[in-house]
Amino acid sequence: MTTPSALACETIYIADVMACNVINGCLSKNDANRLFNEHGSAYEEFAEDCGEILDAKSILDWLGY
């Protein structure tokens with residue numbers, strides 16, 4: 001079960017990622033790579049599933065947020 005404090009932290013994390021948007025909701029390639037590295041993943045894995053996009057919402061969804 002997710003606690004209210006865990007949900008608040010997750011919401012803040014999502015807001016922080018979304019604040020890094022460069023243009024039209026997309027992250028820079030460097031920010032995207034950093035995000036994937038923080039989650040033990042790689043952009044290439046995401047790109048295989050979703051195509052070569054840098055949409056922050058799509059990346060967060062793929063990472064499970």
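Here, every reference points to the structure presented above.
All of the points below concern the structure found in this document.

Criteria and cut-off values
Residues numbered from 1 in each chain as written. Predicted model: local features only at pLDDT ≥ 70, side-chain atom pairs only at ≥ 80, totals over all residues. Heavy atoms only, no water. 1 Å grid on protein atoms, 1.4 Å probe; cavity = no way out; pocket = protein on both sides within 12 Å on 5 of 7 lines; lining within 4 Å. Points joined across faces, edges and corners; volume = space filled by probe spheres on them. Helix = DSSP H or I, 4+ residues; strand = E, 2+ residues; numbered from the N terminus. Nonpolar A, V, L, I, M, F, W, Y, C, P; charged D, E, K, R; others polar. Core = buried A, V, L, I, M, F, W, Y, C linked by side-chain atoms within 4.5 Å. Buried < 20%, exposed > 50% of the residue type's maximum accessible area, 1.4 Å probe, protein only. Contact = heavy atoms within 4.5 Å. Axes fitted to C-alpha atoms, helices over the stretch in contact; angles between N-to-C directions. Parallel < 35°, antiparallel > 145°, perpendicular 65-115°, else oblique. Patch = residues over 30% accessible without salt bridge, like charges linked within 9 Å, V, L, I, M, F, W, Y side chains within 5 Å. Areas by Shrake-Rupley, 256 points an atom, 1.4 Å probe, with all protein chains shown as cover. Salt bridge = Lys/Arg side-chain N within 4 Å of Asp/Glu carboxyl O. Lys, Arg positive; Asp, Glu negative; His and termini not counted. Charge placed at Lys NZ, Arg CZ, Asp CG, Glu CD.

**So, the layout of surface pockets**
Taken as a whole, the largest pocket holds about 160 Å³ of empty space. As for the largest pocket, its lining consists of Y13, D16, V17, C20, L27, D31, R34, L35 and E38. Broken down by secondary-structure element, the contributors of at least two residues to the lining of the largest pocket are α1 (4-19) and α2 (29-38). It is α2 that contributes the most residues to the lining of the largest pocket, 4 residues altogether. Each residue belonging to the lining of the largest pocket can be placed in one class, and the counts come to 5 nonpolar, no polar and 4 charged.

**Quick look at the nonpolar core**
Inside soluble globular proteins, nonpolar side chains tend to come together where they are buried. In terms of nonpolar packing, the biggest core is built from 12 residues, these being V17, L27, A32, L35, F36, Y43, F46, A47, A56, I59, L60 and L63. Every element with two or more residues in this core is listed here: α2, α3 (43-50) and α4 (56-63). A total of 4 residues in this core trace back to one element, the largest contributor, which is α4. L60 has contacts with I14, V17, M18, L35 and Y65, leaving out every residue within four places of it along the chain.

**Considerations on the environment of W62**
If you trace the backbone, W62 turns up in helix α4. As for W62 and D49, which are separated by 13 residues in sequence, their C-alpha atoms are 8.9 Å apart. Contacts of W62, omitting those with residues within four sequence positions, involve F36, S41, E45, F46, D49 and C50.

**Looking at the packing of α2 against α4**
Axis separation between α2 and α4 bottoms out at 11 Å; the angle between their running directions is 10°. In terms of their interaxial angle, α2 and α4 are classed as roughly parallel. On α4, the residues that touch A32, L35 and F36 of α2 are I59, L60, W62 and L63.

**Description of a negative patch on the surface**
Taken together, the side chains of E44, E45, E48, D49 and E52 make up a negatively charged region of the molecular surface. Of note, E45 is situated in helix α3.

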